[in-house]
Structure formats: structure tokens, C-alpha cells
Amino acid sequence: MMESQPLQEPTATAPAAGEEQAGAPPAVVPGKEFTRTCKGLVVVLIGGYVLLQLLPSSLNYLAIIPSKTIPYVWTVFTAGYIEQVLPGAIGSSLGLLFCGKDIEPVWGRKEFLKFIILVNSICGILAFCFAIGLYYVTGKESFLVTPLSGFHGCLAGFLVALKQLLPNLELPMCFFWKIKAKWMPFFVVCFSSIMAFIVPDSINFLPTLVSGMYVSWLYLRYFQRNPLTGLKGDPSDEFSFPSLFPAAMRPVTDPVANLFDRMLCARSRPSEVALPISDPTKASRRRERGERVLEERLAADHAVDTEAPAHGHGTAED
């Protein structure tokens, strides 16, 4: 399998001949090859698991242990790349490879790595805060001493990115069942919440999954420079907060979406947030039409100016 080149241009389908695009950005298509960046990150994930097997004490310095995080502050940044069990290392590696091959060609290597570092770091901070909060609420010391780590927060963020880029992409859940990418974040949250009640220990994964989705949606919705349109964020209705949930939950999700818009859109430049995604192309077409009209008017004025002296000269001769 050939490796993809770094910093690829956005992958898009070419428009059909004679088809009116109506200013829409190019359509994103699924990637076909595992990228070099993803392969390198898989080495990091597998290497972290192997390191824990060779030096078990290194877990204290790489994973988040809430009771020790204040001296070892760096663990909130390193925990996202440390898998403690083999199934986690394998699952995270596969998820990274298959999600990354669709996302990185559109974003480019720099933005892809920026997204991973940002989501993993904020998830680490939120996981620490959530563990401290659970300790004060329940009084259980296990929340202070349980090591927290794993790449699952970033994987949850990848699902939100796939919803944005390829909402109708069918992701395999098992041998005979597939689910569209646009419903995958909601499905994962529901499944993880149910598992938290069935298997109490799995509640440690739930805050990281939810925060990974939440942080990635906020970043993609309001802050990322969209590589396909050049605009800041994605103000489309298809990527609004209520779109993450079924329509039946709109009475609950709409007020939350409005709150996000008031807090974050007000701080952004209206020219970057309020415009729809198709505006850059439409504006370019309007400029081209305006230039053509201006050239036609100038040519007409020039023709009138050249005809007037000739007419005046003919009158003088008579």
C-alpha cells in the first residue's frame, strides 16, 4: 500500500460537465490509503503500551492520577497517547488509521496534528476535573488513585469530524450492520452511557468520550479555518448542535445551541461566521459578472465617444 504525501490538498470530487454548482464547495470523498502521519501515531500508541509492559512504574509519570497530577502536571498532555491494555491499543490504532485516512487528506498534516493535540490536551484537563468532582460528590478515594489514559477522547472527536466531512459515510459496526457517520457520535454517547451502568468501571471512559466530542464540535463549529471554504468555523445547519441528536430532542438541544451562538458567534467577526459556506464562490461569480458588465459599459461609452467626433466632422464639411 502506497503512503500518502504530507500536507495533501483537500480531496474533492470534480463537478460533472455542465452541472450547475450554485457556489457549493467541492464534495469530500473518502480516503483510500492510510496516511504516513497516522502510521507514525500508531507507532506512538503501540510504543506507549509496550513501555508500560516493560516499565509498569512509568504509568505514574504518563497517565493522569488525580491525586498526583498537581506535581506531575504534564500527565494531562501525555495521558491521551498511553493505552493501558492491549485491546485499547489495537482499537485506538485501527480507529486512528481508518478515521485518519478520510480526515487528514482534507485538513492536511498540520491541521490534523493540531486537532489531535488540542482535543487530547483539553480532554486530559477535563478528565482530571471530573475525577476530582466525583471524589467530592461520592467520597470514594478510587477516583483519586485510578490511572486515566487512552486515545478514546480523540477518537470521539474524529467521529464528529467525519459527521462534518462525510455525514452519509456508512461506518461498519459489526458484520451485518452499518451506521451513517452523522449518527455515530450520538450512538457512541448512548452506548457508553448504558455501559457505565452495566460495568461500573467503564464510567472512567465516559467523561473523556463526551468531552472529546464536545471539544471537537466547538473547535470545528467556531474556530477551525475551513480548508474547503477559507472561512472560520462551519455555520451550516447540518453541523449545528441539534444536528448531533435526533429531531425528537430539539426542544432540549435548541436552547443549548442558541446559548453557544450567543457566547461564541458574538466574539467572531460577522463576515466570517454569519456567511454561509457557499459565499466565497458566489462572491467570486458576482465579481466576474460585475467586471463583464463594467467592461461592456466602458466599451459602449468608448464607441459613443469615437462616433461623436466623426459625426461633427461630417457636419462641418457640409
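About the criteria used
- Residues numbered from 1 in each chain as written.
- Predicted model: local features only at pLDDT ≥ 70, side-chain atom pairs only at ≥ 80, totals over all residues.
- Heavy atoms only, no water.
- Helix = DSSP H or I, 4+ residues; strand = E, 2+ residues; numbered from the N terminus.
- Buried < 20%, exposed > 50% of the residue type's maximum accessible area, 1.4 Å probe, protein only.
- Contact = heavy atoms within 4.5 Å.
- Areas by Shrake-Rupley, 256 points an atom, 1.4 Å probe, with all protein chains shown as cover.
- Salt bridge = Lys/Arg side-chain N within 4 Å of Asp/Glu carboxyl O.
- Phe/Tyr/Trp six-rings, centres within 6.5 Å; stacked < 30°, edge-to-face > 60°.
- 1 Å grid on protein atoms, 1.4 Å probe; cavity = no way out; pocket = protein on both sides within 12 Å on 5 of 7 lines; lining within 4 Å.
- Points joined across faces, edges and corners; volume = space filled by probe spheres on them.
- Nonpolar A, V, L, I, M, F, W, Y, C, P; charged D, E, K, R; others polar.
- UniProt positions renumbered as here; feature names shortened; annotations may be inferred.
- Expected span 1.5 Å × (residues − 1).
- Arc of directions from axis to C-beta.

## Focus: the overall build of the protein
When helices and strands are tallied, the protein shows twelve helices and two strands. Secondary structure elements of the protein occur, N-terminal to C-terminal, as α-α-α-α-α-α-α-β-β-α-α-α-α-α. When burial is assessed residue by residue, the protein has 39% of its 318 residues classed as buried. Here the contacts in the protein between residues at least 6 apart in sequence split such that 70% fall between residues at least 24 apart. Here the protein displays about 18,200 Å² of accessible surface, and carbon together with sulfur accounts for 66% of that area.

## Observations concerning the pattern of salt bridges
Using the criterion set out here, one finds one salt bridge in the structure. Across the pair Lys101 and Asp102 runs a salt bridge whose closest N-O atoms are separated by 3.5 Å. For the residue pair Lys101 and Asp102, the accessibility class agrees, reading buried in each case.

## Notes on the packing of aromatic side chains
For the structure on display, the rule yields 13 aromatic pairs. Note on Tyr135 and Tyr136: the rings are 5.4 Å apart at their centroids and 65 degrees apart in plane angle, and the pair reads as edge-to-face. Its relative accessible area of 25% is what places Tyr135 among the partly exposed residues. Residue classification places Tyr136 among the exposed positions, given a relative accessible area of 67%. Here the aromatic rings of Trp217 and Tyr222 are separated by 5.8 Å at their centres, their planes lie at 90 degrees, and the arrangement is edge-to-face. Put simply, the rings of Trp107, Phe112, Phe115, Phe151, Phe158 and Tyr219 touch in pairs and so form one group of aromatic residues.

## Examining empty space enclosed by the protein
Regions of empty space are outlined by a rolling probe, equal in size to a water molecule, passed over the atoms. According to the stated counting rule, one finds one cavity of 30 Å³ or more in the structure shown. Volume-wise, the largest cavity comes out at about 90 Å³. Along its surface, the largest cavity is lined by Ala127, Phe130, Ala131, Leu134, Phe143, Thr146, Leu148, Ile203, Asn204 and Pro207. For the lining of the largest cavity, the element with the most residues is helix H5 (residues 109–138), which contributes four residues. In terms of residue class, the lining of the largest cavity is built from eight nonpolar, two polar and no charged.

## Examining the UniProt feature "transmembrane region" (unreviewed entry) in the protein
Under the feature "transmembrane region" (unreviewed entry), the UniProt entry names residues 41–64, 76–100, 112–137, 143–162 and 183–199. Helix makes up 70% of residues 143–162 and strand 0%, with an end-to-end C-alpha separation of 32 Å.

## Digging into helix H8 (residues 184–198)
Working note: α-helix, 3.6 residues per turn, so residues spaced by three or four point in the same direction. With 15 residues, H8 ought to run about 21 Å at 1.5 Å a step, and its terminal C-alpha atoms sit 21 Å apart, in line with that. Within the span of H8, buried status applies to Met184, Pro185, Val188, Ser192 and Ala196. Angular distribution of buried residues about the axis of H8 spans 105 degrees; they occupy a single face of the element. Of the exposed residues in H8, those oriented more than 90 degrees away from the buried face are Ile194, Phe197 and Ile198.

## Some words on the environment of Ala63
With respect to the helices and strands, the residue Ala63 is situated in the loop between helix H2 (59–62) and helix H3 (75–78). You can call Ala63 buried: its relative accessible area is 1%. For the pair Ala63 and Thr75, spaced twelve residues apart in sequence, the C-alpha separation works out to 5.5 Å.

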